Amino acid sequence: WEFNGSFYQPSAFLLMGIPGLEALHLWISIPFCALYLIALLGNCMILFIIKKTQSLHEPMYYFLSMLALTDLGLVLCTLPTTLGIFWFNMRRIGFDACLTQMYFIHILSFIESSVLLAMAFDRYIAISHPLRHPSILTKMTVIKIGLAIILRGMVSLLPIPFLLKRLTYCGKTELSHSFCFHPDIMNLACADIKVNVFYGMIILLSTVGMDFIFIVLSYILIIKTVIGLATKEECLKALNTCVSHICAVLVFFIPMIGLSMIHRFGKNVPPLVNTLVAYTYLIIPPALNPIIYSIKSSHIREALLRALRRK
């Protein structure tokens, strides 16, 4: 503990694996290793294929590259502490290291939300204004959107570590997950956390919440456009280009909303449920997104087959 008058701050926190199943951590690590490996290899494969295939150098795949990079970042943020607990029971994490991990996990989550919104906008332009699509979403425009997404995440979350450092902590230092999460750290404080709660809620609603609303609005406009198409085949073809993105949106937002609700309102939720939702939120989307896009995108499948034939 670090003492300064009435101000207390722990030198470290204790991370939690899967409550009640500590004896099975070594066996549980096997599916986690498989998911991490799929996420790492899958997203690297997506990036490699898009980089090497000239025909994929268009807005849809630029945004997919951003999604793959974000998923890689999320995997690399949580992998060391999660496998450290499962393999070596390394539960201790320094206070500043915990705040750093938390900051990057939340930034990457916000970036992923924004990238999914950009992809929804891309699909709307491609379906509603196909002739103007190349002139609206130029390469420079995509780069500017990407930079704006990164800056929004970094700036909006910058106060969070400082808001946590100003708090006084006492008693319990055990977190609920194998990674650091803002509500989890905040609830260990014995000081007034109203500012943290209010700021966290405002930022969540004004970023991820607004992203989700605009994604839904984009699909309402897409459906409206598709209904006006001449033939059934054209409708199905247009909607088929959105299936991968819809799956990615559901895989990301459902567990994220669930975890946020549990941390804020689910005081009586069993710890095991809380832990499983957290892992679903941070590990499943990075592992599933490359599979979803590889299965549904014929362009990526064909580029992958060509690359395998060359090998």
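Before any of the text, the structure's been laid out above.
The model shown is predicted, which means the values in this text are computed figures rather than measured ones.

Conventions we followed
Residues numbered from 1 in each chain as written. Predicted model: local features only at pLDDT ≥ 70, side-chain atom pairs only at ≥ 80, totals over all residues. Heavy atoms only, no water. Helix = DSSP H or I, 4+ residues; strand = E, 2+ residues; numbered from the N terminus. Buried < 20%, exposed > 50% of the residue type's maximum accessible area, 1.4 Å probe, protein only. Contact = heavy atoms within 4.5 Å. Areas by Shrake-Rupley, 256 points an atom, 1.4 Å probe, with all protein chains shown as cover. Lys, Arg positive; Asp, Glu negative; His and termini not counted. Charge placed at Lys NZ, Arg CZ, Asp CG, Glu CD. Expected span 1.5 Å × (residues − 1). Arc of directions from axis to C-beta. Patch = residues over 30% accessible without salt bridge, like charges linked within 9 Å, V, L, I, M, F, W, Y side chains within 5 Å. Salt bridge = Lys/Arg side-chain N within 4 Å of Asp/Glu carboxyl O. Disulfide = S-S within 2.5 Å. Axes fitted to C-alpha atoms, helices over the stretch in contact; angles between N-to-C directions. Parallel < 35°, antiparallel > 145°, perpendicular 65-115°, else oblique. Left-handed = near helix turned anticlockwise from the far one by under 90°. Nonpolar A, V, L, I, M, F, W, Y, C, P; charged D, E, K, R; others polar. Core = buried A, V, L, I, M, F, W, Y, C linked by side-chain atoms within 4.5 Å.

A. Local environment of the overall build of the protein. Each helix and strand counted, the protein has twelve helices and four strands in total. Taking the principal axes of the C-alpha coordinates as reference, the protein spans close to 70 × 45 × 35 Å. Within the protein, the fraction of its 311 residues that count as buried is 49%. Within the protein, counting contacts between residues at least 6 apart in sequence, those at least 24 apart form 80% of the total. For the protein, the exposed surface amounts to about 15700 Å²; the carbon and sulfur share of it is 72%. The distance from the centre of the 24 positive side-chain charges to the centre of the 14 negative ones in the protein is 6 Å.

B. Expanded view of helix H5 (residues 139–157). Taking 1.5 Å of rise per residue, 19 residues should cover 27 Å, and H5 covers 28 Å from first to last C-alpha, within 8% of that figure. Taken together, the buried positions of H5 are occupied by Val142, Gly146, Ile149, Gly153, Ser156 and Leu157. Within H5, the buried residues cover an arc of 125° as seen down the axis, which keeps them to one side. Opposite the buried face of H5, by more than 90 degrees, sit the exposed residues Lys144, Leu151 and Val155. Packed against the buried residues of H5 are helix H2 (59–88), helix H3 (95–128), helix H6 (159–165) and helix H8 (194–227).

C. View of a nonpolar patch on the surface. Taken together, the side chains of Leu21, Leu24, Leu26, Trp27, Ile30, Trp87, Phe88, Met90, Leu272 and Leu276 make up a nonpolar region of the molecular surface, amounting to roughly 1100 Å² of accessible area. Counting residues per element, the ones that place at least two in the nonpolar patch are helix H1 (25–52), H2 and helix H11 (271–296). Ranked by residue count, the leading element in the nonpolar patch is H1, at three residues. With respect to the helices and strands, Leu21 occurs in the loop between strand S3 (12–14) and H1.

D. Region of the structure containing the state of the cysteines. For the coordinates displayed, the defined rule picks out one disulfide. For Cys44, which is in no disulfide, the shortest distance to another cysteine sulfur is to Cys77 and amounts to 15 Å. As a non-bridged cysteine, Cys77 has Cys180 as the owner of its nearest cysteine sulfur, 11 Å distant.

E. Broad picture of the packing of H1 against H11. H11 packs onto H1 with a crossing angle of 45° between their chain directions and a minimal axis gap of 8 Å. Relative to H11, the element H1 is oriented oblique. You can see that H1 and H11 cross each other, and the crossing is left-handed. In this structure, H1 uses Phe32, Leu35, Tyr36, Ile38, Ala39, Gly42, Asn43, Met45 and Ile46 to contact H11, whose residues at the interface are Tyr279, Ile283, Ile284, Pro286, Ala287, Pro290, Ile291 and Ser294. Residue composition of the contact of H1 with H11, by class: 14 nonpolar, three polar and no charged.

F. Just the side chain of His177, in detail. Along the chain, His177 falls in the loop between H6 and helix H7 (182–186). Here His177 falls in the buried class, since its relative accessible area comes to 1%. For His177, the contacting residues outside a window of four places in its chain are Leu15, Met16, Asp184, Leu259, His263, Asn274, Thr275 and Ala278.

G. The arrangement of unusual backbone geometry in detail. At Asn89, a position not held by glycine, the phi torsion is positive, near 55°. Turning to its location among the elements, Asn89 is positioned in the loop between H2 and strand S4 (92–94). Note on Asn89: relative accessible area 54%, which makes it exposed.

H. Expanded view of the pattern of salt bridges. The final tally for this structure, using the stated rule, is four salt bridges. Close ionic contact of Asp96 with Lys165 constitutes a salt bridge, the shortest N to O distance being 3.0 Å. One end of the pair, Asp96, is in helix H3; the other, Lys165, is in helix H6, and 69 residues separate them in sequence. Overall, Asp96 belongs to the partly exposed group, its relative accessible area being 47%. On the accessibility criterion, Lys165 (32% relative accessible area) is partly exposed.

I. Spotlight on the nonpolar core. Membership of the largest hydrophobic core comes to 88 residues, with the highest contact counts inside it found for Phe13, Leu64, Leu116, Leu164, Tyr169 and Ile185. Among the elements that line this core, the one with the most residues is H3, at 16 residues. Ile185 has contacts with Phe13, Cys98, Leu99, Met102, Leu164, Tyr169, Leu175 and Cys180, leaving out every residue within four places of it along the chain.

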